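If you want the building blocks of each chain, they are given just below.
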Amino acid sequence: TSREKLVDGTAIAVATLSGSLAAPHIKTLWNLDDLEMNFKDILHKKKGIKGVLEADLNIKEGQRLFFNQLKLTLPPLVLSGKGSLDPQGNGLRKLSIKLYPLTLSSLPKGLTLLGSTLTRGSIKFSLNVQGKSKDWRQWNKKGWIALTKGEFGVEGLSNPLSNISLLLNLERHAVELSLIHI
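What you see is a predicted model, and the numbers here were worked out from it, not measured in a lab.

Conventions and cut-offs
Every chain is numbered independently, its residues counted from 1 as its sequence is written. Residue-level local features of this predicted model are given only where pLDDT is at least 70; pairs of side-chain atoms are given and counted only at 80 or more, and the full residue set underlies all totals for whole chains, interfaces and linings. Excluded from the side-chain calculation are hydrogens and water; included are all heavy atoms of the structure. For patch building, the residue pool is restricted to those with more than 30% relative accessible area and no salt bridge; the joining distance is 9 Å between like charges and 5 Å between nonpolar side chains (Val, Leu, Ile, Met, Phe, Trp, Tyr). Surface accessibility in these figures is a Shrake-Rupley result with a 1.4 Å probe; residues are shielded only by whichever protein chains are displayed. A side-chain nitrogen of Lys or Arg and a carboxyl oxygen of Asp or Glu constitute a salt bridge if their distance falls within 4 Å. The classification of residues rests on relative accessible area computed with a 1.4 Å probe and restricted to protein chains. Under 20% of the type maximum is buried, over 50% is exposed, and intermediate values are partly exposed. Criterion used throughout: strands pair if DSSP finds at least two bridges between them. Strands here mean DSSP runs of E at least two residues long; helices mean DSSP runs of H or I at least four residues long; both are numbered from the N terminus. A fitted line through C-alpha atoms serves as each axis, taken over the contacting stretch for helices, and the angle formed by two N-to-C directions is quoted from 0 to 180°.

Below, the discussion takes up a nonpolar patch on the surface. On the surface, Val 154, Leu 157 and Leu 161 cluster together to form a nonpolar patch covering roughly 230 Å² of accessible area. Among the residues examined, Leu 161 registers a relative accessible area of 40% and is labelled partly exposed.

As structure tokens, this is what we get:
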């Protein structure tokens, strides 16, 4: 079987460096317009779709990375995060991710979120992850996903489930689903 590429194409980046060599501060701006991104069933962006990745990070003691801001903008989708990473140690330390409110019908042709399962609705989420082990399943997770007036395509059903509003809460290793409206 062939492996699909996660990214393919050309990205143009501009970076500024400041601070000491031992602890540099790096700001980058990446133009992603000519890049195809394919994160299976999560996000697919075709070449030609506008996109920008902004990063503001510090590298400190022992090569630890501190992301003051990491922001992916694929209009109208805006995903931002911050956190710290120890690539030579035990891996991730702390991460916060936020998806600004997004109406799926406003996505341009060539940009899909969550594959073809969720076809309509407004979605937003917030997630905090903290851990030290290399096994992400052991990390503490806390967050939520909210969907308003969603429509799901379900295999085996001739019509999609529609007008669904729900709130999914994630706490450590447990998930709680609250159906607000079906």
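A separate point is the pairing of strand β3 (residues 24-31). Sheet topology note: the strand β2 (residues 12-19)/β3 ladder contains 8 bridges and is antiparallel. In the strand pairing of β3, Gly 19 is matched with Pro 24. Where β2 hands over to β3, the hairpin turn is made up of 4 residues, counted between the paired strands. Sheet topology places β3 next to strand β6 (residues 52-60); 7 bridges connect them, and they run antiparallel. Bridge pairing in β6 links Leu 29 to Glu 54.

Our focus in this paragraph is the sheet that holds strand β5 (residues 43-45). If you trace the 4 strands from one edge of the open sheet to the other, you get β1-β4-β5-β10, paired in antiparallel fashion. At either end of the open sheet lies a strand with only one pairing partner, and these are β1 (7-9) and β10 (111-113). On average, each strand axis in the sheet is tilted by 10 degrees relative to the strand beside it, whichever way the strands run. Here β1 pairs with strand β4 (residues 35-39) via 3 bridges, running antiparallel. By the bridge assignment for β4, Val 7 is matched with Met 37.

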